[in-house]
Amino acid sequence: MSHYPNKIELQERHYQIFIEQAPTAIAMLDKNMVYLAVSKCWLKDYKLDQQDVIGRCHFDVFPMIGDDWKKKTEKCLNGIVDICDETTYHGKGDSIQWILWNVKPWYNAEGEIGGLLMHTEDITERKEKALKEKKYNTILKDTSDIARIGTWEIDLLKEKVSWSSMVYEIHEAPLDYEPTIASGLTFFEDEESRNSILLALNEAQKRGTPINLTLYLTTLKGNKRWVKVIGKIERNNGVTSKILGITQDITSSKKSEKLLNVAHAELEAIFNSDSIVVITTNSEGIINRFNKGAEKLLGYDSAEMIGLQRPEVYLHKGELEQFRNDMIAEFNGGVNDENFNYRNENVNDTRQWTYKRKDGSTFPVLSTVTAVNNGYSKKEGFIAVATDISRIKEVKNELRRKNELLNYAEQITMMGNWQWDIVLDKVLCSTNLYDIFGVKAEDMSLKYDSYFNFVHPKDKDFVAKHVENALIIKRFDNLIHRIQLDDGTVKTIKLIGEIITNSKDEVTEVIGACQDITESIKAQEELRKKNDLLNFAEQISMMSNWKWDTVADKVQWSENFYTILELDEAITDLNFNSYYRFVHPEDIGIVDKHFEQVNKNKRWDSLTHRIITTSGKVKIILILGKVFTNEKNEIIEMIGTCQDITESKEAEQKILEAKNELEIFTRKLSLQNQQLADFTHITSHNLRAPVANLNSLLEIYSYAENEEERTDIFNKFSSVIDHLSSTLNTLIEALKAKVGDANEHKENIEFNVVLENTVQMLSGAILKSNAVISSDFSKLSSISYNKIYMESIFLNLIGNAIKYSAEGRTPNIQIKTEVKNEKNIITFKDNGLGIDLDKHGHKLFGLNKVFHRHPDAKGVGLYLTKTQIEAMGGTITADSEVNVGTTFTIIFN
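Residues numbered from 1 in each chain as written. Predicted model: local features only at pLDDT ≥ 70, side-chain atom pairs only at ≥ 80, totals over all residues. Heavy atoms only, no water.

**Focus: the pattern of salt bridges**
This model, assessed by the stated rule, comprises 22 salt bridges. Residues aspartate 587 and arginine 610 are paired through a salt bridge, measuring 2.9 Å at the closest nitrogen-oxygen approach. Of this pair, aspartate 587 sits in the loop between helix H19 (576-580) and helix H20 (588-601) while arginine 610 sits in strand S23 (residues 607-612); the two residues are 23 residues apart in sequence, bridging distant segments of the chain. One salt bridge in this structure joins glutamate 870 and lysine 866, with 2.6 Å as the shortest N-O distance. (Salt bridge = Lys/Arg side-chain N within 4 Å of Asp/Glu carboxyl O. Helix = DSSP H or I, 4+ residues; strand = E, 2+ residues; numbered from the N terminus.)

See the structure below:
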């Protein structure tokens, strides 16, 4: 036996020699994880060249090894082989390596585990190459998707065409579509495109000429697209076997190119305009562009300006100096530094200038001066775009004179104009409006409240509602009301206005006019008192009249009809179609049908329909008429009147809307009254149960045989009284809340808590009947619900199960929750008397309906339970068999 250790030592030495010379990273360790041998590759991979690891513990050499790895080595020392295809290894410093390993035990000559053999391989280079390739492919795919580039292949030997998914997308073809050369041509409608494709394919096949085409195709869905097609051949043994290529959707770039061309053409058109001055200067301030408009308006030829002159030749010296000072103030904080050059700033300035012509005459212009940036934050000079505003100045002067006439006209007609800035709550008005309100402009700052303070106290409500409604519907209808001046004088005014909105359709301003119609109202009132018939005639005379010569198809309208249609001037050459221009498109059928009846019956009935005025407003008109016929009963003429009844129709609509709102309010009030009555039943019913429970406990207490039983029952008295107090408080709080809003008082309800409270409330009845109550709330433990309703539901259903228990059978009540088809469900199952549903099913949940001769049966509990559940949006159903029991199923909303 003495030679055996030598044999083991020899075997281990062979292992060590083999490992040391191995071309891969291998380490041999004993059972204590001490290194016996390592390969040179191992030392190199783990940067241990300068260390002597033989005889050292593996965990000392690699102190970063965690407990999970130590557990793996323990398993391997017990015979397990551990293999990992790839993982990361954090070496010294911040270096990260990808490695694979194979750790297995080695056995001595006696077949016992002598330690571990660790074989690892550094696969970092291979892994990084794979990751790089994957990243490259991902980038390539993303690039292709963004650029909408797809690949295709034509196998000339197999006569097969293959498309990538992007090519299918470009052609809007399903992925099961099988392309061919012939079918590919069908995407191009013009013969020239098809011939160019065939020629390119033929040249590529015969001569190897690359394919490079820009084509306009029609997809399978009928959409038009521009595509770029590029291809090259692939040869096999000198024979062209395949054509490989790409197809790119260039529709977007084509559209951009087209828009760019249009924009360029528009800019050229602007520059070449002879009514707009366009002058540019270089960085030195020398004129380098001088368009036709500048030549025409300034009288200079471009040849004598470009490269030779500065803008000072046509600018007013004082205005130029003011411009320079303004630029210094804007870009240099007002500091007049001689080294500061505003030409290097992002100047963008619009103002009025005075230009001087070559002949010395001057004219006003509105000019925008902008710095030209070359895209690299360097200013290349300025561009000035100017418009001759001589005519505008004349118009302004004319407008000023007309404003003076308007003010004079306002004084004569007792009118004033106003402008209300909603955002700033600021009112601007004409001088005459101050006179109407009996105040001086310098004495007050006008706001909306300033005007409202003058409104007559009896008119304030409807004026406030009118203004509020106008801001909502974004339309200011005519408003007539009274005002009371500071001295007590009462006037009647008429307001007309228009709502102004911004780009977001938000009301920003209201403008209009105000007229003092006090005297007019008085005159009208006097006229009405004198003769109601005359007043009616006056109203009729204010209508528009019309006449239609059907033979000559010639129509005549009175002046007021032009006002209704909002035509700026009268049109003399009118026919029947002239009227049809204004008929609302949706009412053309109504008008057509009316004239069919007129032609048929030779009689004109009243006609009401909508029109669209020239300003786009929709109005409702009433047309009355009379038909005249000849001896052949042919219509030769029609005459009549037309009245704008828009306001009366709108008033009628408002009355109907108010009526509907009143009906809704009445139904809601009725419902709340019903709910209040139900709440009364709930209160009496929910209080009856604990009171009855107290009576039961009192009866049991009187039969108690010892002090211990009496004490236990007395404790239950205390619990029931506490719950009775809680119930009273809860009902009082509920009564304070708004009736009908059960859903507004939801809270999270735990079913087991509700059950515990119910058991305590019914403890006397439970003791007396020996009832057994079991529950399973595992599938649904809680729900958001009205607490009062939930406690009432438990109290009624459990109380009924005990009350209507079968004689000689212990009451067994099972309560269970579940979720089925996304619905929350709870069931109450008992083994009581049961209900004959064939006989009583239709009135099961009716008020005051009883089905057993029980002295305490009131017929309220089930009715209340159903009412409460339905108020919360749920349903309750019953399944029952006489003398077997009843199951109530509640589905919550």
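**Points about the pairing of strand S17 (residues 426-429)**
With burial as the criterion, only one face of S17 is covered, namely that bearing Val427 and Cys429; the residues Lys426 and Leu428 on the opposite face remain uncovered. In this sheet, S17 lies alongside strand S16 (residues 415-421) in antiparallel orientation, the contact comprising 4 bridges. Among the inter-strand pairings, aspartate 421 is bridged to a residue of S17, identified as lysine 426. Remark: 4 residues form the turn of the hairpin made by S16 and S17, two consecutive strands paired antiparallel; aspartate 425 in that turn has positive phi of roughly 50 degrees. (Buried < 20%, exposed > 50% of the residue type's maximum accessible area, 1.4 Å probe, protein only. Pairing = 2+ DSSP bridges.)

**Observations concerning a negative patch on the surface**
On the surface, Glu121, Asp122, Glu125 and Glu128 cluster together into a negatively charged patch. Every element with two or more residues in the negative patch is listed here: strand S5 (113-122) and helix H5 (124-147). By the secondary structure assignment, glutamate 128 is in helix H5. (Patch = residues over 30% accessible without salt bridge, like charges linked within 9 Å, V, L, I, M, F, W, Y side chains within 5 Å. Areas by Shrake-Rupley, 256 points an atom, 1.4 Å probe, with all protein chains shown as cover. Lys, Arg positive; Asp, Glu negative; His and termini not counted. Charge placed at Lys NZ, Arg CZ, Asp CG, Glu CD.)

**As for unusual backbone geometry**
Even without being glycine, glutamate 172 reaches a positive phi, approximately 50 degrees. Assignment of secondary structure puts glutamate 172 in the loop between helix H6 (165-170) and helix H7 (181-185). Non-glycine residue lysine 602 carries a positive phi angle of around 55 degrees.

**Some points on helix H4 (residues 67-77)**
If you check which residues of H4 are buried, you get Trp69, Thr73, Cys76 and Leu77. Projection of H4 onto a plane perpendicular to its axis shows the buried side chains occupying an angular sector of 100 degrees, all on one side. Pointing more than 90 degrees away from the buried face of H4 are the exposed residues Asp67, Asp68, Lys71, Glu74 and Lys75. Once H4 ends, the next one or two residues include glycine 79, with phi positive near 110 degrees. (Arc of directions from axis to C-beta.)

**Focus on the confidence of the model for the chain**
Here the chain averages 81 in pLDDT, while 80% of its residues score no lower than 70. Least confident of the elements in the chain is helix H17 (residues 532-541), whose mean pLDDT is 38; most confident is strand S30 (residues 823-829), at 96. The low-confidence segment residues 531-542, where pLDDT is below 50, has 4 contacts with residues more than four positions distant or belonging to other chains. Segment residues 733-740: pLDDT under 50, and 10 contacts once partners within four positions in sequence are set aside and those in other chains are kept. (pLDDT = per-residue confidence, 0-100. Contact = heavy atoms within 4.5 Å.)

**Some remarks on the sheet that holds strand S9 (residues 224-236)**
One open sheet accounts for 5 strands, arranged S7-S6-S10-S9-S8; its pairing is antiparallel. In the strand order of this sheet, the two ends are held by strand S7 (160-163) and strand S8 (211-218), each with one partner. Adjacent strand axes in the sheet meet at a mean angle of 25 degrees, parallel and antiparallel pairs treated alike. Two elements, S9 and strand S10 (residues 239-249), share 10 bridges in a ladder whose sense is antiparallel. Looking across to S10, one finds that isoleucine 230 is bridged to isoleucine 246. Here helix H8 (residues 191-207) sits on the sheet in contact with strand S6 (149-155), S8, S9 and S10, set at roughly 150 degrees to S8. (Axes fitted to C-alpha atoms, helices over the stretch in contact; angles between N-to-C directions.)

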